[in-house]
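Understanding the architecture of this molecule
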Protein chains: 2
Amino acid sequence: MTQISDYGEFGLIKHLTENFPLTNTSSLKGIGDDAAVIDNGERKTLVTTDILLEGIHFNLEYVPLRHLGYKAAVVNFSDIYAMNGKPEQIVVSLGVSARFSVEMLEELYDGIRLACQTYGVDLVGGDTSSSLTGLTISVTCIGSAKQEEIVYRNGAKDGDLLCVSGNLGAAYLGLQLLERERIALKGNTQSQPDFAGFEYLLQRQLKPEARKDIIDELKAAAIMPTAMMDVSDGLSSEVMHICTQSGVGCRLYEDKLPIDYQAAVLAEQMNLNIVTCALNGGEDYELLFTCPIADYDKLLPLDKIFIIGHITDKADGMNFVTREGQLMELQAQGWKAF
Amino acid sequence: MTQISDYGEFGLIKHLTENFPLTNTSSLKGIGDDAAVIDNGERKTLVTTDILLEGIHFNLEYVPLRHLGYKAAVVNFSDIYAMNGKPEQIVVSLGVSARFSVEMLEELYDGIRLACQTYGVDLVGGDTSSSLTGLTISVTCIGSAKQEEIVYRNGAKDGDLLCVSGNLGAAYLGLQLLERERIALKGNTQSQPDFAGFEYLLQRQLKPEARKDIIDELKAAAIMPTAMMDVSDGLSSEVMHICTQSGVGCRLYEDKLPIDYQAAVLAEQMNLNIVTCALNGGEDYELLFTCPIADYDKLLPLDKIFIIGHITDKADGMNFVTREGQLMELQAQGWKAF
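Residues numbered from 1 in each chain as written. Chains lettered and ligands numbered in written order. Predicted model: local features only at pLDDT ≥ 70, side-chain atom pairs only at ≥ 80, totals over all residues.

**Quick look at the overall build of chain A**
Of regular secondary structure, chain A possesses ten helices and 13 strands. Over its C-alpha atoms chain A spans a radius of gyration of 20 Å, differing by no more than 12% from the 20 Å that the globule rule assigns to 338 residues. Taken along the three principal axes of its C-alpha coordinates, chain A extends 55 × 50 × 50 Å. For chain A, the residues scored as buried account for 52% of the 338 residues in total. (Helix = DSSP H or I, 4+ residues; strand = E, 2+ residues; numbered from the N terminus. Rg over C-alpha atoms; globule rule 2.2 N^0.38 Å. Buried ≥ 20, exposed ≤ 12 C-beta atoms within 10 Å, placed from the backbone.)

See the structure below:
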């Protein structure tokens, strides 16, 4: 028998779904991007889904249920924005074990409600079931976009700029911090965890936002990305997805990586390499995109956007350029659920 | 703290989602029917979702993974047909523990593939994650319908006929049979379970079908149901949903209930009341609908459709009429996941 871990998450999905040809004319795009695309004439429907399992994706010892609900919704909105679409509806399914009370689920839904209000999304359906084991949350988000607005992962061109909408690695370091304090306080009910000086890292981990503001800014600046996705598994892994699907190479520059100072300080304390955290820590939910170099002047005034590299010919490979100017092959060591 | 079981499944969803007003003009219908309805101009998108958890919805001791995959997809198609729509896309999310091999997941996907091929539906997305505990399957199905074709649960009118597309209680009895044989053979590896004479019940439980054929027949006969839903939780519970949402009463006749002879025989053997099984056993996935009495002549030639009662004024209440002519108030003792 073949172990699931032999494939890894992406390999497994790819393997399991490779014999599913699309047959309906309404199925414009299936598996392989941030969202599927369905044709309805002028208006296209975008569909994305995520499943979150207790003990794998979250630990209720340190994640408040309200934040969990918010995050479960927002990470799906992020996938719709990553297609340059507008999230409009979600359906939420829960599996809940007997240790959960109605009040706990109310907290979870308070978080979902806040996310829906903040991003203008309607909760339109779901399913709720008991579970023998902990909490499972499955969210599907429906969005819309005009055909000509949709941005896939496969449109990056040689010479394009490679951009990201914010700093990287902070969500991963927030998780390390929560885990460090949990272990330090195990069995100790007298003390409180010490998060002083690292509040931003906690926020990045516990209450991430989807970058609607970036989508709006790009539209206002008349910048149309050639390829885009959100950074959920780690920058390296996502850059490689864009390059592979677009049939191009890239240069990603170490000295261009946006890193928050709290992330740098905690990485130092914990003896972690901050560049590795920025490249491979997941859950940043920033938008990673490429756009033509002709848009450079339009990009400059947008101070939320960082140019971190550029696209090259495929033959040049996918490269990370160190501060010393050394070229290293990009490696996907992204956050893996297996 | 309030126990979840104090609410029951429907009460819980209603309670948790009551402060989620719809704000997008594209959100035509939210929670409360077989599927949500989203506006795209002429074409409406239907969305339904189901979560299946190991040990709650299925027991892998007697459910083959291929059948489980088939059923997980088909029950969602059934919800789209119950809106008089056409299922076109599904997304499938899995949580999988380490005891599952790639080959086991291939079997599951073989079943999903067969369901997709049979019903003309495309798999367009999903998410796969490891789980600490068993198998979780979350399926969301997207369908389409023209506005004027969509059938909600709330359109039943006084005087309408109450119809169902097939016999009831067999899936529930199939489950009782599987459970009986599992217990009988516990620890005995020499013998095989004895299903002789009850093959149809097993099929109804393990490989249910969605009634696309009925939707096609009704269309061909120019019958437009006034209200419709599928029978997943039990006939009583579903009839009450239609009556409550339509603001009407009903009479449902014991002697009109379609019951398969295998179901009757097994109920007798197991000392179960077959009428109770037909009223409250879930997972039949037949279509329950109402239509104007003027359609009676068009219904008669359709031998797959059974008229089981009629709609009355709300003041008459929701009644079950026994063979003896006695009126009893309908009770929802439907299959509950809590």
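**Some remarks on the environment of aspartate 33 of chain A**
All names here are of chain A. Topologically, aspartate 33 is positioned in the loop between strand E1 (27-29) and strand E2 (36-40). Along the primary structure aspartate 33 and threonine 49 are separated by 16 residues, whereas in three dimensions their C-alpha atoms are 12 Å apart. Not counting residues up to four positions away in its chain, the partners in contact with aspartate 33 are Met83, Tyr152 and Arg153. (Contact = placed C-beta atoms within 7 Å.)

**Considering the domain arrangement of chain A**
Residue and element names in this part refer to chain A. With domains assigned, chain A is organised as domain 1 (4-149) and domain 2 (161-329). The straight-line distance from the C-alpha centre of domain 1 to that of domain 2 is 22 Å. Listed per partner, the contact involves 16 residues of domain 1 and 17 residues of domain 2. (Domains from an automatic or database assignment.)

**What about the packing of helix H4 (residues 170-184) of chain B against helix H8 (residues 261-269) of chain B?**
Residues and elements named next belong to chain B. Two elements in contact, H4 and H8, have axes whose closest approach is 10 Å; the angle formed by their N-to-C orientations is 45°. It follows from the interaxial angle that H4 and H8 lie oblique. The two elements H4 and H8 meet at a crossing, and its hand is left-handed. Residue-level inspection shows Ala170, Leu173 and Leu177 of H4 in contact with H8, the latter providing Gln262, Ala263, Leu266 and Ala267. Looking at the contact of H4 with H8 residue by residue, the classes come out as six nonpolar, one polar and no charged. (Axes fitted to C-alpha atoms, helices over the stretch in contact; angles between N-to-C directions. Parallel < 35°, antiparallel > 145°, perpendicular 65-115°, else oblique. Left-handed = near helix turned anticlockwise from the far one by under 90°. Nonpolar A, V, L, I, M, F, W, Y, C, P; charged D, E, K, R; others polar.)

**Some details on the sheet that holds strand E12 (residues 318-321) of chain B**
Residue and element names in this part refer to chain B. Sheet architecture is open: seven strands sit in the order E8-E10-E7-E11-E9-E12-E13, paired in mixed fashion. The open sheet has two free edges, formed respectively by strand E8 (227-230) and strand E13 (327-329), since each of these has just one partner strand. Ignoring strand direction, the axes of neighbouring strands in this sheet form an average angle of 25°. Bridging between strand E9 (residues 249-253) and strand E11 (residues 306-312) involves four bridges; their strand directions are antiparallel. Among the inter-strand pairings, leucine 252 is bridged to a residue of E11, identified as glycine 309. (Pairing = 2+ DSSP bridges.)

**Describing the relation of the copies chain B and chain A**
Laying chain B over chain A is done by rotating through 180° and shifting 0.0 Å along the axis; what remains is an RMSD of 0.0 Å. Such a combination of turn and shift is consistent with a two-fold rotation axis. In this assembly the copies share their binding face: 100% of the residues contributing to the interface of chain B also contribute to that of chain A. (Least-squares fit on C-alpha atoms with pLDDT ≥ 70 in both.)

**Considering helix H1 (residues 8-17) of chain A**
Those residues of H1 of chain A that sit buried are Leu12, Leu16 and Thr17 of chain A. Mapping the buried residues of H1 of chain A onto a view down its axis gives an arc of 110°, with all of them on the same face. Close packing links the buried residues of H1 of chain A with helix H3 (102-119) and strand E5 (122-130) of chain B. (Arc of directions from axis to C-beta.)

**Some remarks on the pairing of strand E4 (residues 86-96) of chain A**
Residues and elements named next belong to chain A. Taken across its eleven residues, E4 has eleven buried, putting it largely inside the fold. Inspection of the sheet shows E4 paired to strand E6 (residues 136-146) by nine bridges, in the antiparallel sense. Looking across to E6, one finds that leucine 94 is bridged to isoleucine 137. As paired elements, E4 and strand E5 (residues 122-130) share eight bridges and run parallel to each other.

**So, the environment of alanine 315 of chain B**
Residue and element names in this part refer to chain B. Turning to its location among the elements, alanine 315 is positioned in the loop between E11 and E12. Exposure remark for alanine 315: the 8 C-beta atoms within 10 Å place this residue in the exposed category. Taking the C-alpha atoms as reference points, alanine 315 and alanine 145, 170 residues apart in sequence, are found 34 Å from one another.

**Here we look at the interface of chain B and chain A**
With 70 residues of chain B in contact, the opposing surface of chain A contributes 70 residues. Looking at the side of chain B that touches chain A residue by residue, the class counts come to 28 nonpolar, 32 polar and ten charged.

**Examining the nonpolar core**
Ala73 and Leu288 of chain A together with Ala73 and Val239 of chain B are the most contacted members of the largest nonpolar core, which has 200 residues in total. With near-sequence residues (within four places) excluded, valine 239 of chain B lies in contact with Leu162, Cys250, Leu252, Leu288, Met318 and Leu330 of chain B. (Core = buried A, V, L, I, M, F, W, Y, C linked by C-beta atoms within 7 Å.)

**Description of the environment of glutamine 205 of chain B**
Residue and element names in this part refer to chain B. For glutamine 205, the location among the structural elements is in helix H5 (residues 199-206). The sequence separation of glutamine 205 and leucine 177 amounts to 28 residues, and the corresponding C-alpha distance is 9.9 Å. The contact partners of glutamine 205, leaving out residues within four places of it in the chain, are Ala171, Gly174, Leu175, Leu178 and Glu283.

**What to know about the confidence of the model for chain A**
Caution is warranted with low-pLDDT regions, since their predicted coordinates should not be read in detail. When the pLDDT values of chain A are averaged, the result is 94; 99% of them are 70 or greater. Complex prediction metrics read pTM 0.94 and ipTM 0.92. (pLDDT = per-residue confidence, 0-100.)

**Here we look at the sheet that holds strand E2 (residues 36-40) of chain B**
Residues and elements named next belong to chain B. The six strands lie next to each other as E1-E2-E3-E6-E4-E5, forming an open sheet whose pairing is mixed. The open sheet terminates on both sides in strands that have one partner only, identified here as strand E1 (27-29) and E5. Direction aside, the axes of adjacent strands within the sheet are offset by 25° on average.

**Quick notes on unusual backbone geometry**
One non-glycine residue with positive phi stands out, namely asparagine 84 of chain A, at about 65°. We classify asparagine 84 of chain A as buried; it has 23 C-beta atoms within 10 Å. For alanine 222 of chain B, which is not a glycine, the phi torsion comes out positive at approximately 60°. Mapped onto the elements of the fold, alanine 222 of chain B is located in the loop between helix H6 (212-220) and E8. For alanine 222 of chain B, a count of 8 C-beta atoms within 10 Å translates into the label exposed.

**Here we look at the packing of helix H2 (residues 65-81) of chain B against H3 of chain B**
A pair of packed helices is captured by two measures, namely the crossing angle of their axes and the spacing between those axes. All names here are of chain B. Closest axis-to-axis distance for the H2/H3 pair is 6 Å, and the angle between their directions is 40°. Put simply, H2 runs oblique to H3. For the pair H2 and H3, the crossing hand works out as right-handed. Together, Leu65, Arg66, His67, Leu68, Gly69, Tyr70, Ala73, Val74 and Phe77 of H2 and Met104, Glu107, Leu108, Tyr109, Asp110, Gly111, Ile112, Leu114, Ala115, Cys116 and Tyr119 of H3 make up the contact between the two elements. Split into classes, the residues belonging to the contact of H2 with H3 amount to 14 nonpolar, three polar and three charged.

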